[in-house]
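Fold and contact review
Each chain is listed here by its residues.
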Amino acid sequence: MSTELLVHEDRLFPSDPGVRALARDLYAGVRDLPLISPHGHTNPAWFAENEAFPDPATLFIQPDHYLFRMLYSQGYRLEDLGIPRLDGGAVETDTRKIWRIFADNYFLFRGTPSRMWFDHALSFVFGIDKGLSPETADEIYDTVEEKLAKPEFRPRALFDRFNIEVIATTEPPNDDLRHHDAIKASDWGGRVITAFRPDPVVDPEFAGFADNVGKLGALTGENTRTWPGYLAALRQRRAYFMERGATSTDHGHPSALTADLSKADCEVLFAKVLTRDHTAAEAEIFRAQMLTEMAAMSLDDGLVLQIHPGSLRNHNKTLFETFGRDMGADIPMQTDYVNALKPLLDRFGNEPGLSIILFTLDETAYSRELATLAGHYPTVKLGPAWWFYDSPEGMLRYRRAVTETAGFYNTVGFNDDTRAFLSIPARHDVARRIDCRFLAELVAEHRLGEAEAAEVAHDLAYRLAKSAYKL
Amino acid sequence: MSTELLVHEDRLFPSDPGVRALARDLYAGVRDLPLISPHGHTNPAWFAENEAFPDPATLFIQPDHYLFRMLYSQGYRLEDLGIPRLDGGAVETDTRKIWRIFADNYFLFRGTPSRMWFDHALSFVFGIDKGLSPETADEIYDTVEEKLAKPEFRPRALFDRFNIEVIATTEPPNDDLRHHDAIKASDWGGRVITAFRPDPVVDPEFAGFADNVGKLGALTGENTRTWPGYLAALRQRRAYFMERGATSTDHGHPSALTADLSKADCEVLFAKVLTRDHTAAEAEIFRAQMLTEMAAMSLDDGLVLQIHPGSLRNHNKTLFETFGRDMGADIPMQTDYVNALKPLLDRFGNEPGLSIILFTLDETAYSRELATLAGHYPTVKLGPAWWFYDSPEGMLRYRRAVTETAGFYNTVGFNDDTRAFLSIPARHDVARRIDCRFLAELVAEHRLGEAEAAEVAHDLAYRLAKSAYKL
Amino acid sequence: MSTELLVHEDRLFPSDPGVRALARDLYAGVRDLPLISPHGHTNPAWFAENEAFPDPATLFIQPDHYLFRMLYSQGYRLEDLGIPRLDGGAVETDTRKIWRIFADNYFLFRGTPSRMWFDHALSFVFGIDKGLSPETADEIYDTVEEKLAKPEFRPRALFDRFNIEVIATTEPPNDDLRHHDAIKASDWGGRVITAFRPDPVVDPEFAGFADNVGKLGALTGENTRTWPGYLAALRQRRAYFMERGATSTDHGHPSALTADLSKADCEVLFAKVLTRDHTAAEAEIFRAQMLTEMAAMSLDDGLVLQIHPGSLRNHNKTLFETFGRDMGADIPMQTDYVNALKPLLDRFGNEPGLSIILFTLDETAYSRELATLAGHYPTVKLGPAWWFYDSPEGMLRYRRAVTETAGFYNTVGFNDDTRAFLSIPARHDVARRIDCRFLAELVAEHRLGEAEAAEVAHDLAYRLAKSAYKL
């Protein structure tokens, strides 16, 4: 691997010299804008406690299911990568050994975004200009380890250096948000807000659902064994989250189904799911109803409602039983929006002040259902290319499929949506480059003026995320 | 916005200089060919009466759901845009005020085909070289208004200037086609033909279905309360339409489902739908059967059968109740063809003389089902990229997905499919440019010879539409 | 058609001069690598008997459903092309006349891969540099006919000249594989292996299923009227095929459905399908169970399991009744993998040593389901773009959709998958060119180093097919 590749100045720009020059110009206007990160999964404890990050393997590999899923696909056991087993069984603890497995197999990531993010982090964060390989594994391990011990590599210092204007974490309703309180109480000025992710208390198939609802009652003083008490408790927690900066809720359901049941039906269904006396179909309807309830609450409190549907979580049964959730075995499914969202939209689709941001793992929905919904309903906006599609090709397909019907202004800018803190600058940089590339192509083909394109580039990189998420 | 953008000579061509030169050459060979418009929704009264068009807002904005859906998506009320309410409630009547809303928000259309069509109309039809913006709004309004009052901006003059060789309108079976008769009787030579769109009398869920069937009986002297009488009446109206130039029928069903029921079953089903004693599933089967009946009639009379399936019409309940149909809230759905068309194709799929043109709003069907069906069945051809996909990216995706399996000669050239008369030259121009661009890429990559490409370009721009629609 | 087009040295490379130069360099490194053909449908009798191929029409047109489906779609009768009717009715026997129909309509293939393969065969195999047209039809017919009579155009000579290192044919379990034995016993060194395609004995809807299972019993001495005897017979035949070089099995089911029934349920179901006392749904479940049984056997004997789902075979009823299977009327359907494969993967998805290669005719599954499954499960790899997508655009879409999630190393190189022997060099050449083009684009956009790209190009053209298929 040639070292200059790690962060080539023109990476991701079109190869045609004329279009590349346009892309460069547009990018120059947005590359140094602050990062708005309205949806993600970083750990607020990092910023509250500001401890040094652990060793390179524990920092990079173990929390990143993009990385270990690829190694797993080629026959490595998760135990070999130090992923903890639920039964506490033995796993590799020699982090340098784990790092070498990664380095030996780094070629597997050719052509993937993980490769780009990792190279960018090495270069941008650690000043390393050599690519990872079996030959450089130890040297890079040592350099990263040494730097991580320094004060300027602690979470808050990196946050500042990354030029993050605001970042949202994601917490469940029963979280006490103590880290957010600690950050606020500290003398550090970084803006870290929470987001309200109620899956554990609104999804009857979430592990421990009934217990979670019980704790929600204990926490709020509401009787969450009744439907009205349950809703009141949720409302109370939303307010609690809003006091810690939350501007949005997030919903990770298997589908985008919504429902609009009568209060009587809701009460019957709630009693069933609380006592686990429900079918899979009833669990689905309950989640569907809860999306509509969340929209109703958003009408009152103004939280932006995000729907992230379409993943069949924990597809690998053995892995789930051995290691638990989020082990890189979530597989997207066909996802319907046009029928699924109708009950919610029939009730609230035209309400001024309500804002719903839709995401998808089914790219076929972009031009067919999502751009058409976002291009019509005042309440609906379209989130950026998500998860497997948070990638150069994914983002290009997104803009090409969406723009002609929804325009740019029914989209909401970029989400990094990650727990891999060190990849955040790289991810925003990829989005800015790809958007500038797309715009440069429009300019080169005389579909957009250059001054307009510069304005749109700024909107996509900064303004739209701020306004869509009320930041 | 730079003024030169409005109609740059090289718009939509590839940016690579070599390929652009090839595209230019191919385009030069087709740019001035007459326009064949075999399917669309212009109002025949325009050409019959040849009155001046109304003011700019009423001309451009109010009939164009592409335009007002975007404004609606950003929070404007349809009342503010002068769209009439069903209850006769107050709406904005100051057309200059409506125009200013449009101008203030014209940036929303960046990257959309509406922007391209509108700019083209300003420049090509009205000779305006400034882009619409808050600053130019009044000046452009005045210029357009002034020109619309002149004889050379009346419908017939524009028709001639647009170089339209033939245009088809679309009418329901109970229409008396008086405007077509008037055009024929006039001294004007423009060729305006009708097309037979029987949805109001073959779709049990169409508003007023039973009444419409009753009127069909009155109009034809057939007893449309019986299945044979109903079919005979339809046959009679098809003949009436053919006398007014019709060469095609058109069917806008929710799905592409076809059926092949026994006569006895048809009679039972017809009785049900006529008395509204049917389920939604029975309505769907009735429509399905009627596609097959229409194919049977086409075998006799030669009308080309067009199927436009896959839109969930009037998705926005409140808007539908307040303003009626066609308010920009039609959302595409997943659409199956392979199973849906089998009953019809099992019966008629190999009949010489029958011609079925398929359209889709589900782009995933292009390469999977539509190109494979059109590349095999002698009765099946594939219509152009439709509706939301009547756009540069949409057309490119279409050619790239379809050509390798169906070739060029199982497609039928371009349809403008619009009621926005002033956008017709722009739409054909976009199609010609994109087809030439696609062909130029094939030539540049040595997949097609240049002389062959020129022949194909001519076929796509002119010949195929004439032959596929028997014009 | 300009003659230089037939095999332009730069065909399929990107038009940008810089990227084209990169593509050329990468291609130069792989163009002369031996061909690995791990899955296809050539006739082993050709290589066993080494007889001269028949006349041009019989060689090129009649066995190639890509060619005659296009002619059929434009109104030619299959009888006119010499395709034998099941009833023995009269068909055209004048092969020169058939050839002229093809030549007259050769323009229909513009933009299709058939055109590219045919031109390549004319030029590369027969040294003809004129394109086929009405004017050149007879001359080309004569030249091809004359050459086919020469020794150096016999199957073995062409095999050697094509630089085929190994080719797999496909046979049903009851085949005696005598041709493979004859090849092995001959003094010719070409490596022709078989592959085990059990559809006729595992698909209850395959013509003659029960008879086939009976013959399987007779052949193996097992009692195939019992479930254990049936499985034992299949195991025995797999061993028989492995002795003739087989390294893989292949399964052409309508869907990718798998099942994991109890032994008791299997016995009941087997009794039903054997006596034709089954519903369509039960036939589907039986096929689903048999995929899982085949995976179980693969765990023992190491055969690689290929799944080719998603085609609605013989869609054209009349054609099927008149001419039989494989008449160009197989139409792809929407295909689910994420739910369909779960039963099999729940049981065997993490087994070291098992290898499953997935194919699709539903391109929407690439990024959504297939890259995500292959990028996680150690047992799952992704086969190349298949059938209608074995084409330049199809392969580009494949790489663009798949690589970012699955990388290159969860794919398996190229399959020609053809019975058109003379097209094999062309098909591999297209794949190599398109892969080099894709890689050149990554290099030009600084997403991959040039040396790395060269290594990947070699892997895609040669190494991956050998390792994935254990060749």
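Note that the structure is a prediction, hence the values are computed from the model and not measured.

Below, the discussion takes up the packing of aromatic side chains. Residue and element names in this part refer to chain B. All told, the structure shown has 114 aromatic pairs over all chains when counted by the stated rule. Taken together, a centroid distance of 5.5 Å and an interplanar angle of 75 degrees make the contact between W46 and F53 edge-to-face. Here W46 falls in the partly exposed class, since its relative accessible area comes to 22%. Accessibility expressed as a relative area gives 8% for F53, which makes it buried. A centroid spacing of 6.2 Å and a plane angle of 50 degrees characterise the contact between F60 and W99, whose relative ring orientation is tilted. Of this pair, F60 sits in helix α3 (residues 56-60) while W99 sits in helix α5 (residues 95-104), placing them 39 residues apart in sequence. Each member of the pair, F60 as well as W99, is classed as buried.

The next thing to look at is the interface of chain C and chain A. Interface size is commonly expressed as the accessible surface area that is lost when the partners come together. Facing the 41 residues of chain C at the interface are 49 residues of chain A. For the pair chain C and chain A, the summed buried surface comes to about 3900 Å²; carbon and sulfur atoms form 50% of the total. Linking chain C with chain A are six salt bridges, by the criterion used here. R115 of chain A is the partner of E452 of chain C in a salt bridge, and the nearest nitrogen-oxygen pair spans 3.0 Å. Taken together, the links from chain C to chain A amount to 30 residue pairs in polar contact (both at pLDDT 80 or more). Elements that contribute at least two residues to the side of chain C that touches chain A include exactly α16 (342-348), α17 (365-374), α18 (392-406), α19 (424-444) and α20 (450-468) of chain C. Among the residues making up the side of chain C that touches chain A, the classes are represented as 15 nonpolar, 14 polar and 12 charged.

We now examine unusual backbone geometry. The residue N314 of chain A is not glycine, and still its phi comes out positive at about 55 degrees. Inspection of the secondary structure puts N314 of chain A in the loop between β6 (311-312) and α15 (317-323). The backbone of D417 of chain B shows a phi angle near 50 degrees, a positive value even though the residue is not glycine. Relative to the assigned elements, D417 of chain B resides in the loop between α18 (392-406) and α19 (424-444).

Residue and element names in this part refer to chain A. With domains assigned, chain A is organised as domain 1 (3-53 + 155-468) and domain 2 (54-153). Computed from C-alpha coordinates alone, the two centres of domain 1 and domain 2 are separated by 27 Å. Each partner contributes to the interface: domain 1 provides 38 residues, whereas domain 2 provides 35 residues. Counting the surface domain 1 buries against domain 2, the share from its top three residues, L6, F53 and F323, is 23%. In this assembly, domain 1 and domain 2 are joined by zero salt bridges. Counting the contacts that link domain 1 with domain 2 gives five residue pairs in polar contact (both at pLDDT 80 or more). Among the elements of the structure, α8 (155-161), α15 and α19 (424-444) are those that each provide at least two residues to the side of domain 1 that touches domain 2. Of the residues in the side of domain 1 that touches domain 2, the class split is 22 nonpolar, seven polar and nine charged.

At an RMSD of 0.0 Å, chain C and chain A line up after a rotation of 120 degrees and a shift of 0.0 Å along the axis. With respect to symmetry, the two chain copies, as superposed, fit the operation of a three-fold axis.

All names here are of chain A. The residue H120 is located in helix α6 (residues 113-126) in this model. Residue classification places H120 among the buried residues on the basis of a relative accessible area of 7%. In this structure, H120 is in contact with L6, V7, R11, V125, P425, A426 and D429, ignoring residues within four places of it in sequence.

What follows deals with the interface of chain B and chain A. Contacts between the two partners involve 49 residues from chain B and, on the opposite side, 41 residues from chain A. Taken over both partners, the interface formed by chain B and chain A buries close to 3900 Å², and the fraction arising from carbon and sulfur atoms is 50%. Note that E452 of chain A and R110 of chain B form a salt bridge whose closest N and O atoms lie 3.4 Å from each other. In this structure, the connection of chain B to chain A is made through 30 residue pairs in polar contact (both at pLDDT 80 or more). Among the elements of the structure, α1 (17-28), α4 (65-73), α6 (113-126), α15 (317-323), β7 (331-332) and α18 of chain B are those that each provide at least two residues to the side of chain B that touches chain A. The residue inventory of the side of chain B that touches chain A, partitioned by class, reads 21 nonpolar, 15 polar and 13 charged.

Another aspect to go through is the environment of T411 of chain B. Residues and elements named next belong to chain B. You can see T411 is positioned in the loop between α18 and α19. Sequence spacing of T411 and L382 is 29 residues, and the spatial spacing of their C-alpha atoms is 4.7 Å. A polar contact is formed between the side chain of T411 and the backbone oxygen of F408, at a distance of 2.6 Å.

Turning our attention to the pairing of strand β4 (residues 248-251) of chain B. Residue and element names in this part refer to chain B. Residue alternation in β4 divides its side chains into two sets, S248 and D250 and T249 and H251, and both sets are buried. Of the pairings in the sheet, the one linking β4 to strand β5 (residues 304-307) comprises four bridges and is parallel in character. Across the sheet, residue T249 finds its bridge partner in β5, namely L305.

Here we take up the relation of the copies chain B and chain A. Mapping chain B onto chain A calls for a screw motion: a turn of 120 degrees about the axis and a shift of 0.0 Å along it, with 0.0 Å RMSD after fitting. Little of the interface of chain B is mirrored in chain A: 6% of its interface residues are interface residues there too.

Residue and element names in this part refer to chain A. Under the 1.5 Å per step criterion, the end-to-end length of helix α12 (residues 227-243) is 25 Å for 17 residues, consistent within 8% with the ideal 24 Å. Along α12, the residues that are buried comprise W227, G229, Y230, L231, A232, A233, L234, R237, R238 and F241. On the buried face of α12, the contacting elements are α10 (199-202), α11 (209-220), β4 (248-251), α13 (263-274) and α14 (280-301). Looking one or two residues past α12, G245 carries a phi angle of roughly 95 degrees, positive in sign.

Here we come to the environment of F47 of chain B. All names here are of chain B. Take F47: it is sitting in helix α2 (residues 44-49). Note on F47: relative accessible area 0%, which makes it buried. For the pair F47 and R156, spaced 109 residues apart in sequence, the C-alpha to C-alpha distance is 5.7 Å. Excluding anything up to four places from it in sequence, F47 contacts T42, P155, R156, F159, I183, W188, V192 and F421.

Another aspect to go through is the packing of helix α1 (residues 17-28) of chain A against helix α20 (residues 450-468) of chain A. Residues and elements named next belong to chain A. Running from N to C, α1 and α20 point in directions that differ by 45 degrees, and their axes come no closer than 9 Å. Relative to α20, the element α1 is oriented oblique. For the pair α1 and α20, the crossing hand works out as right-handed. For the pair α1 and α20, contact is made by L22, D25 and L26 and by E450, A453 and A454, respectively. When grouped by side-chain class, the residues that make up the contact of α1 with α20 number four nonpolar, no polar and two charged.

Another aspect to go through is the packing of helix α5 (residues 95-104) of chain A against helix α7 (residues 137-148) of chain A. The geometry of a pair of packed helices is captured by two quantities: the angle between their axes and the separation between those axes. Residues and elements named next belong to chain A. Viewed as axis vectors pointing N to C, α5 and α7 meet at an angle of 125 degrees, and their least axial separation amounts to 10 Å. By the angle between their directions, the pair α5 and α7 is classed as oblique. Crossing handedness for the pair α5 and α7: right-handed. The residues of α7 that touch α5, namely those facing T95, R96, W99, R100 and A103, are A137, D138, I140, Y141, D142 and E145.

Before going further, it helps to examine the pattern of salt bridges. All names here are of chain A. Counted according to the given criterion, the structure contains 136 salt bridges over all chains. Here E79 ties to R77 by a salt bridge, and the two come within 3.9 Å at their closest N and O atoms. Among the residues examined, E79 registers a relative accessible area of 9% and is labelled buried. For R77, a relative accessible area of 45% corresponds to the partly exposed category.

Residues and elements named next belong to chain C. Spatial ordering of the open sheet is given by β1-β2-β3, a layout of three strands whose pairing is parallel. Looking at strand neighbours, the two that pair on one side only are β1 (35-37) and β3 (192-193), the edges of this open sheet. Here β1 runs beside strand β2 (residues 164-168); their pairing, made up of three bridges, is parallel. Paired with L35 across the two strands is I164, which belongs to β2.

Residues and elements named next belong to chain B. Here four strands make up an open sheet; going across it, the order is β4-β5-β8-β9 and the pairing parallel. Edge positions in the sheet fall to β4 and β9 (380-382), since each has one partner strand and no second. Direction aside, the axes of adjacent strands within the sheet are offset by 25 degrees on average. Pairing geometry for β5 and strand β8 (residues 356-358), over three bridges, is parallel. Bridged to Q306 within β8 is I357.

Cut-off values and rules
- Residues numbered from 1 in each chain as written.
- Chains lettered and ligands numbered in written order.
- Predicted model: local features only at pLDDT ≥ 70, side-chain atom pairs only at ≥ 80, totals over all residues.
- Heavy atoms only, no water.
- Phe/Tyr/Trp six-rings, centres within 6.5 Å; stacked < 30°, edge-to-face > 60°.
- Buried < 20%, exposed > 50% of the residue type's maximum accessible area, 1.4 Å probe, protein only.
- Helix = DSSP H or I, 4+ residues; strand = E, 2+ residues; numbered from the N terminus.
- Contact = heavy atoms within 4.5 Å.
- Buried area = accessible area lost by both parts, 1.4 Å probe.
- Salt bridge = Lys/Arg side-chain N within 4 Å of Asp/Glu carboxyl O.
- Polar contact = N/O pair within 3.5 Å; in protein donor to acceptor, adjacent residues only side chain to side chain.
- Nonpolar A, V, L, I, M, F, W, Y, C, P; charged D, E, K, R; others polar.
- Domains from an automatic or database assignment.
- Least-squares fit on C-alpha atoms with pLDDT ≥ 70 in both.
- Pairing = 2+ DSSP bridges.
- Expected span 1.5 Å × (residues − 1).
- Axes fitted to C-alpha atoms, helices over the stretch in contact; angles between N-to-C directions.
- Parallel < 35°, antiparallel > 145°, perpendicular 65-115°, else oblique.
- Left-handed = near helix turned anticlockwise from the far one by under 90°.

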